[in-house]
Amino acid sequence: MKARVHVMLKDGVLDPQGEAVRHALGSLGFEGVDKVRQGKVIELDLADGTSEETVREMCEKLLANTVIERFDIELV
């Protein structure tokens, strides 16, 4: 069983990496990009029967900084 966790900064939190990517895209001639938000994807190989609640606990305790980040869990 696999779980994919998508972690992104919450709305309103400054994203300097995203801004750097937006600026670099503009420098390369891609002028239509107004905003970039950069995040991370964490893929977990889990034992069969691992609950989504257990994955949620992993996110809250380690994988995401819930003060400034939000996360979505996708069980595959």
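Scroll up to find the structure this text is about.
About the cut-offs
Residues numbered from 1 in each chain as written. Predicted model: local features only at pLDDT ≥ 70, side-chain atom pairs only at ≥ 80, totals over all residues. Heavy atoms only, no water. Helix = DSSP H or I, 4+ residues; strand = E, 2+ residues; numbered from the N terminus. Rg over C-alpha atoms; globule rule 2.2 N^0.38 Å. Contact = heavy atoms within 4.5 Å. Areas by Shrake-Rupley, 256 points an atom, 1.4 Å probe, with all protein chains shown as cover. Lys, Arg positive; Asp, Glu negative; His and termini not counted. Charge placed at Lys NZ, Arg CZ, Asp CG, Glu CD. Pairing = 2+ DSSP bridges. Axes fitted to C-alpha atoms, helices over the stretch in contact; angles between N-to-C directions.

Scanning the protein chain for helices and strands turns up two helices and three strands. Counted from the first residue to the last, the protein chain has its helices and strands arranged as β-α-β-α-β. Taken over the C-alpha trace, the protein chain has a radius of gyration of 16 Å; the compact-globule value for 76 residues is 11 Å, which it surpasses by more than 25%. Dimensions along the principal axes, computed over C-alpha positions, put the protein chain at roughly 50 × 25 × 15 Å. The contacts of the protein chain with a sequence gap of at least 6 include a subset with a gap of at least 24, amounting to 68%. Of the roughly 5,400 Å² of accessible surface on the protein chain, a fraction of 54% belongs to carbon and sulfur atoms. Each charge sign in the protein chain was given a centre, from 10 positive and 15 negative side chains, and these centres are 3 Å apart.

Right, let's talk about the sheet that holds strand S2 (residues 39–45) for a bit. One open sheet accounts for three strands, arranged S2-S1-S3; its pairing is antiparallel. Each having just a single partner strand, S2 and strand S3 (69–75) make up the two edges of the open sheet. If you compare each strand with its neighbour and ignore which way they point, the axes differ by 20° on average. Of the strand pairs in this sheet, strand S1 (residues 2–9) and S3 are connected by seven bridges, and their pairing is antiparallel. Among the inter-strand pairings, leucine 9 is bridged to a residue of S3, identified as glutamate 69.

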